[in-house]
Amino acid sequence: MASIHPVFSHIPIFASEEEAFDTAAENVVKFIHKQIATDKICHLVLSGGRSVSEVLQRIDPGRVDWEKVIISLTDERCLPIGNSERNDQMIHFSLFPRVNSRLPKFLTIPAELGPTLGADQYCRDLFQMRSPDIVLLGVGSDGHVASIFPSNHDSESSEIAIPITESPKSPESRVSLTLRYLHSAPRRMAILTGKDKRTLFARLCRGQLLPVIDFEPTDWYLDINATSGLVTGDYGDNGDNGD
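The following paragraphs examine the structure supplied in this document. (Residues numbered from 1 in each chain as written. Predicted model: local features only at pLDDT ≥ 70, side-chain atom pairs only at ≥ 80, totals over all residues. Heavy atoms only, no water.)

## Describing helix α4 (residues 115-127)
Here α4 contains 13 residues, and its C-alpha end-to-end distance of 18 Å stays within 8% of the 18 Å for a straight helix at 1.5 Å per residue. Buried within α4 are the following residues: Pro115, Gly118, Ala119, Tyr122, Cys123, Asp125 and Leu126. The buried residues of α4 occupy an angular sector of 165° when projected down its axis, which confines them to one face. Exposed and oriented more than 90 degrees from the buried face of α4 are Leu117 and Phe127. (Helix = DSSP H or I, 4+ residues; strand = E, 2+ residues; numbered from the N terminus. Expected span 1.5 Å × (residues − 1). Buried < 20%, exposed > 50% of the residue type's maximum accessible area, 1.4 Å probe, protein only. Arc of directions from axis to C-beta.)

## Quick look at the packing of aromatic side chains
Across all of its chains, the model carries 2 aromatic pairs by this definition. Residues phenylalanine 96 and phenylalanine 106 carry aromatic rings whose centres are separated by 5.2 Å and whose planes lie at 85° to one another, so their mutual orientation is edge-to-face. Here phenylalanine 96, found in the loop between α3 (87-95) and β5 (105-107), pairs with phenylalanine 106, found in strand β5; they are 10 residues apart in sequence, far enough to count as distant. For phenylalanine 96, a relative accessible area of 7% corresponds to the buried category. The partly exposed category is assigned to phenylalanine 106, whose relative accessible area is 22%. (Phe/Tyr/Trp six-rings, centres within 6.5 Å; stacked < 30°, edge-to-face > 60°.)

## Focus: the pairing of strand β2 (residues 42-46)
Here β2 lies mainly inside the structure; 5 of its 5 residues are buried. Side-chain alternation along β2 places Cys42, Leu44 and Leu46 on one buried face and His43 and Val45 on a second face that is also buried. Considered for its hand, the β-α-β crossover made up of β2, helix α2 (residues 50-58) and strand β3 (residues 69-73) is right-handed. (Right-handed = clockwise from strand over helix to strand, strands pointing away.)

## Looking at the packing of α2 against α3
Running from N to C, α2 and α3 point in directions that differ by 25°, and their axes come no closer than 8 Å. Taken together, the axes of α2 and α3 are roughly parallel relative to one another. Crossing of α2 against α3: the hand is right-handed. Contact residues: α2 offers Val52, Ser53, Leu56 and Gln57, while α3 offers Met90, Ile91, Ser94 and Leu95. When the residues that make up the contact of α2 with α3 are grouped by side-chain class, the tally is 5 nonpolar, 3 polar and no charged. (Axes fitted to C-alpha atoms, helices over the stretch in contact; angles between N-to-C directions. Parallel < 35°, antiparallel > 145°, perpendicular 65-115°, else oblique. Left-handed = near helix turned anticlockwise from the far one by under 90°. Contact = heavy atoms within 4.5 Å. Nonpolar A, V, L, I, M, F, W, Y, C, P; charged D, E, K, R; others polar.)

## Here we look at the pattern of salt bridges
Summed over the entire model, instances satisfying the criterion amount to 13 salt bridges. Between glutamate 67 and arginine 102 there is a salt bridge whose closest N-O contact spans 3.0 Å. With a gap of 35 residues between them, glutamate 67 in the loop between α2 and β3 and arginine 102 in the loop between α3 and β5 connect regions that are remote in the sequence. Of the residues examined, glutamate 67 reaches a relative accessible area of 47% and is grouped as partly exposed. (Salt bridge = Lys/Arg side-chain N within 4 Å of Asp/Glu carboxyl O.)

## Section: unusual backbone geometry
When glycine is set aside, most residues are seen to have a negative phi, and most peptide bonds are trans. Cis geometry marks the peptide bond from serine 170 to proline 171, where omega comes out at -5°. If you check the backbone angles, alanine 146 has positive phi at about 55° while not being a glycine. Judged by its relative accessible area of 8%, alanine 146 is buried. The phi angle at glutamate 216 is positive, at roughly 50°, despite the residue not being glycine. Mapped onto the elements, glutamate 216 comes out in the loop between α7 (211-215) and β10 (219-223).

## Re the sheet that holds strand β1 (residues 13-14)
Consider a sheet: its strands pair through backbone hydrogen bonds, and that pairing is either parallel or antiparallel. With parallel pairing, the 7 strands of this open sheet are ordered in space as β1-β10-β9-β6-β2-β3-β5. Two strands lie at the open edges of the sheet, namely β1 and β5, each paired on one side alone. Pairing of β2 with strand β6 (residues 134-138), which is carried by 3 bridges, proceeds in the parallel orientation. When the sheet's bridge partners are listed, valine 45 is paired in β6 with valine 135. Its contacts with the sheet place α2 against β2, β6 and β9 (187-192), and it is angled at close to 125° to β6. (Pairing = 2+ DSSP bridges.)

Next comes the structure, spelled out in structure tokens:
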């Protein structure tokens, strides 16, 4: 593992995406075990995206007592139920077919109702649940987390979930948890890997206040591809191909 810019001086840099994903998967299992041992239940919040899908596919489902786990989503696109572009579909197909025991309680976002009604209902649903214990999310190439983008940065919102009506990524209409709610989880895991994240990493090293910074990850999963050439202060633009 390599050394890193002082902003990330205590964070290990993995040799590959695969190593980062493997370690994140192992840690998710450990964190769930610890939480269940303490409270007999664990609330795991997941984002969509390839990184989280890769981590979920690496989890050995037989090592987790899923009956004691609640899974909820960081955000959802306002698309019909069953649409392949919805985050709940990704979570389902990445994990549930391999779970042979009772499935976790899966709290989906009713984004099919539209952003405002969907956010209102999700707030009511989550209000009845325990607070989040673990959040696992990928980071967009512009520094967004969930559907909180730099253009709709909501760091002051006190709500649990909010409607998004002008997302810079399609579709424009979404429902997203707020940064305040996501930050309430004691364990906050962020994955930032791949060459297409070099520009983002450079921006973070320069101290730009992007949504992922307000999320304040307790656990970063970075790889050499995202940080290569930047560990000695070379912050040139290396391209940004999106998430």
